[in-house]
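# A closer look at the structure
The primary structure of each chain is shown beneath.
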Amino acid sequence: MITVSLFGRGGQGIKTASHIVGDAAFTSGNHVQDQPLYGAERRGAPISAYVRISQTPILERGKITNSSLVVIADDSLLDSIVDNPLQTVTDSTVIMINSSKGVSEIRTRYNINNVLAVLDLTKLTQDITHKSIPGVAVASTTCKLLGFEFDVIEKSLRAELKEIGIHQEDISRNVELARSCFNQTTHAKIETITKIKIKESPIIDPIYHHPQISTCTITATGNSRLRERGAWSNFKPVIDYEGCTKCMICYVYCPDSAFTIDVKGFPVVDYDACKGCNICKTECPTKVISLVRRENK
Amino acid sequence: METRFRTLKDIPLEEELVPGTMICAGCGGALLVRIFEKVLGSNVITVNAAGCMTMLSVFPFTPFKSSWFYVAMASAPAAAQGVRDALDILIKKNKIDSKDNLKVLVLTGDGAASGIGLQSTSAAIQRGLDFYYLVYDNEAFSNTGFQASESSPFASATKTTSPTETHEGVMSQKKDLFEIWRAHKPPYVATISPAFIKDMMQKIERSSQFKGPKLFIANSPCPPGWGIESDQVIRVANLAVETGIWPLKEAINGEVRHTWMQKRRPVEEYLKTQERFEHLFKPTRNDEIINQLQKRVDDYWSSVKK
């Protein structure tokens, strides 16, 4: 059995990517399981998806605990402790990461010794589709690594995108994107998983606690500032202060309190708080806010 | 009453909500809550019915500098009554100083306000509970993936009302919560919009002079649900008002006054911005439905006293 884990953020098309991979695997004559996993649905929040592919019926259920292939659509997840995508990696796991960084930088920074492919799929997606949803690029690259034919990928891709209501012209662009990804990726030797790690769970008897103890209580105030959200977007708004008229529109319309007004009356962006909704850029009356790609987010 | 919000720049600079929440990028509702709390100030307890704004505080983190009390979807107004009564009793018994008194703010989505929680809201208004009530109306159950609510507009697509050959999305009309509330004769009811922040701040300020229910319905564009880019939220909210779909108004002791009465743009301009109305334009234009939507808006405005 081959186990594929895909990691990304809400809005990047990871759920659809896993459906495309699953569909392509099924059309290629395999037994397939494919399931997205996310908490509350939210753009920018981490999501994962799991695909199991096998020649024989699949009896396993639930999350994948050791992956043959790990696909990471957003490199900022590597810095996350809670949502770290490397948790299911073993020595034989093949890893593919969408990043603008170099292979050696990723290897040293995250201490990865596995077979590793690093591709800037976001840039490729932007160049071809003029949008920054890398799902299809991720799916196509994954399928190529798994050794599927392009005809099969294209068919699955068209079917999945049509089902979620994507326009014909956008589907065509995405097919072009998929082809481009397919041609620049090589097959990978992906090991099949034969032994499945099974964790034994002890049986726990629930104990009654008074609601004062057993309900969640937060006694701190305003501590969510400790949670940095800058990684939610690939872009950040940058203000050109030369043309800024201190009108405060950007400050007023920021849903995330990411702006402050400095002593001279100029707006200042807190990039750890900014989720990159870009309302400030759109609303700025003098158009002095531009978007810059975040490099080391 | 003299307003302290004459221009947008009069916005209070103190943030009552710090960054770092799990709310979606570009959430119209989050912006409304941020501004609302700014105007109310720091002496507030927010009673939050389950909904998108659940994600404001995810244990063990909270963006609030003031208190936040999380309750089930149907029961926020009832919980607010409990909080109000407790505060009143403690002040009366000199257990807490009256300067530490808190304003009670109920925060709910449209699913709770116009559906699941309508009964408890009706009861709280009828009892004359002294509280603020803010509905962020994103016109569906957005937190769980955009299923239709009683507030979803006619002919819009939601997860549970996909347009088909025989159905144009939601087949029922949006519930008129403003009129339902107004029928209770509360001292203050208003509609607000994130694109009209000055209007919103003035309304909150004006409502504060009344004791009793102070109710607000806020147009709250939802980027993933409505199918808009997150940077377009204010533009879309602005179009909702300028096409006349979202009338900005208030009712003081039942008497209605519109706070935006300018030349309206065609409803179509608003519909075209959102994927949830896309089936009305593609593959072929559905003039019958578009005209119905326009007529409904025209009929509303022809009944408005100039």
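## Side note on the overall build of chain B
The helix and strand inventory of chain B stands at ten helices and eight strands. Computed over the C-alpha atoms, the radius of gyration of chain B is 19 Å, within 12% of the 19 Å expected from 2.2 N^0.38 for a compact globule of 306 residues. In terms of its C-alpha atoms, chain B occupies a principal-axis envelope of roughly 70 × 45 × 40 Å. Classification of the 306 residues of chain B by burial places 52% in the buried group.

## Things to note about the overall build of chain A
Helix and strand counts for chain A stand at nine helices and ten strands. Taken over the C-alpha atoms alone, chain A extends approximately 70 × 60 × 40 Å along its principal axes. Of all 297 residues assigned to chain A, the portion counted as buried reaches 40%. Contacts in chain A between residues at least 24 apart in sequence constitute 66% of all its contacts with a sequence separation of at least 6.

## Remarks on the sheet that holds strand E1 (residues 2–9) of chain A
In sheet architecture, strand pairing relies on hydrogen bonds along the backbone and comes in two forms, parallel and antiparallel. All names here are of chain A. Taking strand neighbours across the sheet as the criterion, the six strands line up as E2-E3-E1-E4-E5-E6 in an open arrangement whose pairing is mixed. The open sheet has two free edges, formed respectively by strand E2 (31–37) and strand E6 (115–119), since each of these has just one partner strand. Neighbour-to-neighbour, the strand axes of the sheet open up by a mean angle of 10°, direction not taken into account. Each of strand E5 (94–98) and E6 is contacted by helix H2 (residues 103–110), which is oriented at about 125° to E6, the strand it contacts most. Sitting on the sheet, helix H4 (residues 135–146) is in contact with E1, strand E4 (69–72), E5 and E6, with an inclination near 160° to E5.

## Structural notes on the environment of Ile-95 of chain A
Residue and element names in this part refer to chain A. Along the chain, Ile-95 turns up in strand E5. In the structure, Ile-95 is positioned 28 residues away from Ser-67 in sequence and 9.4 Å away in space, judged by C-alpha atoms. Ile-95 has contacts with Val-70, Val-89, Ile-112, Asn-114 and Leu-116, leaving out every residue within four places of it along the chain.

## Concerning unusual backbone geometry
Cis geometry marks the peptide bond from Phe-59 of chain B to Pro-60 of chain B; its omega dihedral reads 5°. By the element assignment, Pro-60 of chain B lies in the loop between strand E1 (44–49) and strand E2 (67–71). Here the amide bond leading from Lys-282 of chain B into Pro-283 of chain B is cis, since omega sits at 0°, within 30 degrees of zero. With respect to the secondary-structure elements, Pro-283 of chain B resides in the loop between helix H9 (267–271) and helix H10 (287–302). The backbone of Lys-246 of chain A sits at a positive phi, close to 60°, despite the residue not being glycine.

## Here we look at the interface of chain B and chain A
For interface size, the figure often reported is the accessible area lost on association. Across the contact, 38 residues belong to chain B and 37 residues belong to chain A. Contributions of two or more residues to the side of chain B that touches chain A are made by helix H1 (28–40), helix H7 (223–226) and helix H8 (233–242) of chain B. Tallied by class, residues from the side of chain B that touches chain A come to 23 nonpolar, nine polar and six charged.

## Regarding helix H3 (residues 121–129) of chain A
Think of an α-helix as 3.6 residues a turn; residues three or four steps apart then line up on the same face. All names here are of chain A. Within H3 the residues assigned to the buried category are Leu-121, Thr-122 and Thr-125. On an axial view of H3, the arc spanned by its buried residues comes to 100°, and they lie on one face. Of the surrounding elements, those touching the buried residues of H3 are E5, E6, H4 and helix H6 (168–184). The first or second residue beyond H3 is His-130, which carries a positive phi of 60°.

## Some words on the pairing of strand E7 (residues 249–252) of chain B
Residue and element names in this part refer to chain B. The sheet contact formed by strand E5 (residues 188–192) and E7 spans three bridges and is antiparallel. Residue pairing in the sheet places Tyr-188 in a bridge with Ile-252 of E7. Where E7 and strand E8 (residues 255–258) come together, four bridges link them in antiparallel fashion. Residue pairing across strands places Glu-250 opposite Arg-257, the latter belonging to E8. The turn linking E7 back onto E8 is made up of two residues, and Asn-253 within it adopts a positive phi angle of 50°.

## Brief notes about the domain arrangement of chain A
Residue and element names in this part refer to chain A. Splitting chain A by domain gives domain 1 (2–184) and domain 2 (228–293). The centre of domain 1, based on its C-alpha atoms, is set 32 Å off from the matching centre of domain 2. Across the boundary between the two partners, domain 1 contributes five residues, which contact five residues of domain 2. When grouped by side-chain class, the residues that make up the side of domain 1 that touches domain 2 number no nonpolar, four polar and one charged.

## Quick word on the nonpolar core
Val-71 of chain A together with Val-47, Ala-80, Val-106 and Leu-134 of chain B are the most contacted members of the largest nonpolar core, which has 150 residues in total. The element best represented in this core is H1 of chain B, accounting for eight residues. Looking at which domains feed residues into this core, each of domain 1 (2–184) and domain 2 (228–293) of chain A gives three or more.

## Thoughts on the sheet that holds strand E3 (residues 103–109) of chain B
All names here are of chain B. Here we have eight strands laid out as an open sheet, ordered E2-E1-E3-E4-E6-E5-E7-E8, and mixed in their pairing. Unpaired on one side and paired on the other, E2 and E8 mark the two borders of the sheet. Here the average twist between neighbouring strands, direction ignored, is 15°. Looking at chain direction, E3 and strand E4 (residues 131–137) are connected through five bridges and run parallel. Residue pairing in the sheet places Val-106 in a bridge with Tyr-133 of E4. Helix-sheet contacts for H1 involve E1, E3, E4 and strand E6 (213–219), and the interaxial angle to E4 is about 160°.

## Focus: the packing of helix H2 (residues 76–92) of chain B against helix H4 (residues 118–126) of chain B
Residues and elements named next belong to chain B. At a minimum axis separation of 7 Å, H2 and H4 run at an interaxial angle of 35°. Two secondary-structure elements touch here, H2 through Pro-77, Ala-78, Ala-80 and Gln-81 and H4 through Ser-120, Thr-121 and Ala-124. Considered class by class, the residues forming the contact of H2 with H4 number four nonpolar, three polar and no charged.

## Side note on the environment of Cys-244 of chain A
Mapping Cys-244 of chain A onto the fold places it in the loop between strand E7 (235–239) and helix H8 (249–253). Put simply, Cys-244 of chain A and Leu-146 of chain A are 98 residues apart on the chain and 51 Å apart in space, counted from C-alpha to C-alpha.

## Let's talk about the confidence of the model for chain B
Within chain B, residue pLDDT values average 95, and 100% of them lie at 70 or more. Two summary scores accompany this predicted model of the complex, namely pTM at 0.83 and ipTM at 0.95.

About the cut-offs
Residues numbered from 1 in each chain as written. Chains lettered and ligands numbered in written order. Predicted model: local features only at pLDDT ≥ 70, side-chain atom pairs only at ≥ 80, totals over all residues. Helix = DSSP H or I, 4+ residues; strand = E, 2+ residues; numbered from the N terminus. Rg over C-alpha atoms; globule rule 2.2 N^0.38 Å. Buried ≥ 20, exposed ≤ 12 C-beta atoms within 10 Å, placed from the backbone. Contact = placed C-beta atoms within 7 Å. Pairing = 2+ DSSP bridges. Axes fitted to C-alpha atoms, helices over the stretch in contact; angles between N-to-C directions. Nonpolar A, V, L, I, M, F, W, Y, C, P; charged D, E, K, R; others polar. Arc of directions from axis to C-beta. Domains from an automatic or database assignment. Core = buried A, V, L, I, M, F, W, Y, C linked by C-beta atoms within 7 Å. pLDDT = per-residue confidence, 0-100.

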